[in-house]
Amino acid sequence: MTVSTQLLIGGRFYSSSSLDATAMAVTDGTVVWLGAEAPGRAMHPDAEIVDLDGAFVAPAFVDPHVHVTALGLQLIGLDVRGAASLGELLAAVRAYAAAHPDGVIVGEGWDDTAWPEQRPPTLAELDEAAGPGRLVYLARVDAHSAVASSALLDAAGNLGQGYRRGEPLRADAHHRVRGVALAKLDVAHRDRARAAALDAAAAHGIVAVHECAGPDISGRDDLRELLAFEHGVEVRAYWGEAVRTAEQARALVDELGVAALGGDLFVDGSLGSHTALLREPYADGSGCGKNFLDGDAITAHVRACTEAGIQAGFHAIGDAAMDLVVAGFAAVAAELGGPAVAARGHRIEHAEMTDAAAIEQLGALGVIASVQPAFDAAWGGADGMYAARLGAERAATLNPFAAMAAAGVSLAIGSDAPVTTLNPWEQVRAAVHHRTPGHGLSPRAAFAAATRGAWRAGGVRDGVAGTLVPGAPASYAVWDAGDLVVAAAADTVQRWSTDPRSRVPGLPRLDPGADLPTCLRTVRSGTTIYSA
């Protein structure tokens with residue numbers, strides 16, 4: 001068998017094993033050596049030479065929470081994230097409908113909390129903008145509510161109790177209409193969307209994504225098509241459907257070909273749509289949110305997956321939802337033993353309203369928190385959506401990343417794209433520059449959560465995935481970056497780590513407003529999947 005070696009020279013490498021390395025050797029998809037260029041050439045005289053010209057090389061990113069087809073539809077379709085008002089949203093719909101006279105209109109990303117009108121479009125306004133008979137589905141930025149045209153509502157049929165025509169779609173009514181809208185797209189259209197999403201991931205230094213699918217999100221057909229879709233970016237699939245027995249868990253995993261039964265298995269909804277489940281009512285007077293999975297079902301799901309040797313997980317944002325999930329994990333640990341629960345690496349997605357007691361339990365039970373720092377960047381702060389929904393005092397408790405890390409909770413940083421943009425450096429920066437003092441992570445910890453932590457959240461626990469050390473898979477990204485620096489989360493902590501003698505590898509500057517690195521090449525297990 002022919003052995004193939006590449007020797008990368010003239011670079012700056014983020015490696016705990018060789019902080020001063022300017023060269024790295026890769027043989028058949030595995031990192032085999034790091035160090036100075038001269039000994040590298042002597043040790044690997046027949047290697048293919050790749051001159052990096054001073055570029056920065058770091059472990060590739062993994063995004064542990066993505067909706068691939070939805071992201072792709074945003075990229076190739078109607079992207080309304082930039083709409084700064086209701087009027088701009090309707091203008092965007094009108095322009096898109098004129099340019100695309102046939103087919104369903106799918107749009108993602110509007111956020112009425114930032115608009116002067118402070119409301120979504122009415123049914124009449126949406127119908128007028130789209131034109132007679134057009135099928136229109138526009139998801140809110142958090143993807144937990146949407147507006148739809150009259151024609152699409154009629155096509156969806158009976159939406160059940162709790163829905164009033166003209167109001168935003170939520171819960172089961174939203175899931176029904178979303179499913180009808182996506183079914184109106186042909187396979188070729190959905191495949192173009194998937195290609196766009198995964199191409200975008202590779203262009204941002206991402207080599208793997210965790211697809212958070214489910215019966216109420218994208219459905220079995222989309223999941224089957226996605227898993228059959230060939231691309232250089234690895235897709236690890238999660239399925240959000242509760243089970244009650246180990247036999248059911250194994251059968252569902254085998255039937256769908258998924259890696260785990262979790263991701264967006266909804267216990268509650270979102271804060272923006274007033275569906276996150278709270279202990280106390282919303283500050284803007286909209287009740288305490290929605291509960292989609294009770295404590296008994298949560299406990300049964302954790303027990304079934306633990307017994308079956310399958311990773312489980314839940315979507316939980318509000319503090320009351322977190323109470324239910326933590327109680328379920330604790331009940332199964334009391335029954336089957338803490339080590340049995342911890343061995344599975346169960347997950348919670350988002351975990352935004354997590355208090356000290358819950359953090360302690362999650363750390364003790366080895367539950368992984370899959371978090372999205374860009375949520376705080378978008379909606380945190382004294383004047384943000386969190387404060388409007390919860391009041392300033394409660395809002396300041398959200399996304400306590402530092403407390404989680406200090407308690408031993410393993411963090412995995414992702415985007416929930418298309419809810420936030422698929423740019424890992426933006427997520428890392430948001431984790432460092434948290435809007436609430438004391439909640440942020442050091443750049444080193446944030447970067448680890450977006451690389452090593454994200455691999456671990458996907459069940460890869462070999463100790464080297466997400467690093468550049470001998471023996472690690474050669475999954476890395478090459479970046480055009482400026483100066484590398486070593487910084488702590490705050491001036492009052494971890495001062496030792498900023499001293500050159502600490503031997504901590506440097507990272508690009510993540511100051512607010514600073515230019516983030518630009519990806520030049522993305523490599524997965526030695527194979528280039530993106531080149532600028």
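In the block above lies the structure referred to throughout.
The shown structure was predicted, so the numbers you read here are calculated from the model rather than taken from an experiment.

Topic: the packing of aromatic side chains
Stage number 1. Summed over all chains, the structure comprises 10 aromatic pairs.
Stage number 2. Centre to centre, the rings of phenylalanine 61 and tryptophan 425 are 5.2 Å apart; their planes meet at 90 degrees, and the pair counts as edge-to-face. Remark: tryptophan 425 occurs in helix α18 (residues 424-432) and phenylalanine 61 occurs in strand β7 (residues 61-66); sequence separation between them is 364 residues. For the pair shown, phenylalanine 61 and tryptophan 425 are each scored as buried.
Stage number 3. Three or more aromatic residues joined by ring pairs make a cluster, and in this case those are Tyr14, Phe61, Trp425, Phe447 and Trp479.
Stage number 4. The ring of tyrosine 238 is capped by arginine 347, whose NZ or CZ atom sits 4.5 Å from the centre of that ring.

Digging into the environment of isoleucine 368
Stage number 1. Inspection of the secondary structure puts isoleucine 368 in strand β17 (residues 368-371).
Stage number 2. Once the C-alpha coordinates of isoleucine 368 and glycine 345 are considered, the two residues, 23 residues apart in sequence, prove to be 6.3 Å apart.
Stage number 3. When neighbours within four sequence positions are excluded, isoleucine 368 is seen to be in contact with Gly345, His346, Arg347, Ile348, Ser410, Arg456 and Ala457.

Describing empty space enclosed by the protein
Stage number 1. Within this structure, the stated rule accounts for 7 cavities of 30 Å³ or more.
Stage number 2. Put simply, the largest cavity is a space of about 190 Å³.
Stage number 3. Contributing to the lining of the largest cavity are 19 residues, with His67, Ala143, Ile217, Asp264 and Phe266 lying nearest its centre.
Stage number 4. The leading source of residues in the lining of the largest cavity is helix α6 (residues 171-183), at 3 residues.
Stage number 5. Residue composition of the lining of the largest cavity, grouped by class: 6 nonpolar, 7 polar and 6 charged.
Stage number 6. Size it by volume and the second largest cavity reaches roughly 110 Å³.
Stage number 7. Surrounding the second largest cavity, 16 residues form its lining, Asp142, Ser270, Ile317, Phe375 and Trp379 being those nearest its centre.
Stage number 8. Only α14 (373-379) and α15 (385-390) provide two or more residues apiece to the lining of the second largest cavity.
Stage number 9. Structurally, the lining of the second largest cavity is a two-domain feature, drawing no fewer than three residues from each of domain 2 (65-183) and domain 3 (262-458).

Remarks on unusual backbone geometry
In terms of backbone geometry, most residues other than glycine have negative phi values and most peptide bonds are trans.
Stage number 1. Of the consecutive residues alanine 417 and proline 418, the connecting peptide bond is found in the cis state with omega at 15 degrees.
Stage number 2. Among the structural elements, proline 418 can be located in the loop between β18 (411-413) and α18.
Stage number 3. At aspartate 53, a position not held by glycine, the phi torsion is positive, near 55 degrees.
Stage number 4. Relative to the elements of secondary structure, aspartate 53 occurs in the loop between β5 (48-51) and β6 (56-59).
Stage number 5. One non-glycine residue, alanine 351, adopts positive backbone phi at about 50 degrees.
Stage number 6. With respect to the secondary-structure elements, alanine 351 resides in the loop between β16 (347-350) and α13 (356-365).

Structural notes on the pattern of salt bridges
Stage number 1. The tally for this structure, following the rule as stated, stands at 24 salt bridges.
Stage number 2. Notably, a salt bridge pairs arginine 524 with glutamate 234, separated by 3.9 Å at the nearest N-O pair. A residue pair is termed long-range when its members are at least 10 positions apart, and arginine 524 in strand β22 (residues 518-524) and glutamate 234 in strand β14 (residues 234-239) qualify at 290 residues.
Stage number 3. For arginine 279, the salt bridge identified is with aspartate 355, shortest N-O distance 2.7 Å. Taken together, the positions of arginine 279 in the loop between α9 (246-256) and α10 (295-308) and aspartate 355 in the loop between β16 and α13 put the pair 76 residues apart, joining distant regions of the chain.
Stage number 4. The exposure class assigned to arginine 279 is partly exposed, which follows from its relative accessible area of 40%.

Some words on the sheet that holds strand β13 (residues 206-213)
Stage number 1. If you walk across this open sheet you meet the 3 strands as β7-β13-β14, and the pairing is parallel. Here the strands that pair on one side only, and so sit at the sheet edges, are β7 and β14. Mean inter-strand twist for the sheet, computed between neighbouring axes without regard to direction, equals 15 degrees.

Section: α10
Stage number 1. With 14 residues, α10 extends 20 Å between its outermost C-alpha atoms, agreeing within 8% with the 20 Å of an ideal straight helix rising 1.5 Å per residue.
Stage number 2. Burial runs high along α10: 10 of the 14 residues are buried.
Stage number 3. Every buried residue of α10 is listed here: Ala297, Ile298, Thr299, Ala300, His301, Val302, Ala304, Cys305, Thr306 and Ala308.
Stage number 4. Those residues of α10 hidden inside the fold are in contact with α9, β15 (313-316), α11 (319-336) and α12 (338-344).
Stage number 5. The opening residue of α10, the one whose side-chain oxygen lies 3.3 Å from the backbone nitrogen of aspartate 296, is aspartate 294.

Rules of the game
- Residues numbered from 1 in each chain as written.
- Predicted model: local features only at pLDDT ≥ 70, side-chain atom pairs only at ≥ 80, totals over all residues.
- Heavy atoms only, no water.
- Phe/Tyr/Trp six-rings, centres within 6.5 Å; stacked < 30°, edge-to-face > 60°.
- Helix = DSSP H or I, 4+ residues; strand = E, 2+ residues; numbered from the N terminus.
- Buried < 20%, exposed > 50% of the residue type's maximum accessible area, 1.4 Å probe, protein only.
- Lys NZ or Arg CZ within 6 Å of the ring centre and 35° of its normal.
- Contact = heavy atoms within 4.5 Å.
- 1 Å grid on protein atoms, 1.4 Å probe; cavity = no way out; pocket = protein on both sides within 12 Å on 5 of 7 lines; lining within 4 Å.
- Points joined across faces, edges and corners; volume = space filled by probe spheres on them.
- Nonpolar A, V, L, I, M, F, W, Y, C, P; charged D, E, K, R; others polar.
- Domains from an automatic or database assignment.
- Salt bridge = Lys/Arg side-chain N within 4 Å of Asp/Glu carboxyl O.
- Pairing = 2+ DSSP bridges.
- Axes fitted to C-alpha atoms, helices over the stretch in contact; angles between N-to-C directions.
- Expected span 1.5 Å × (residues − 1).
- Polar contact = N/O pair within 3.5 Å; in protein donor to acceptor, adjacent residues only side chain to side chain.

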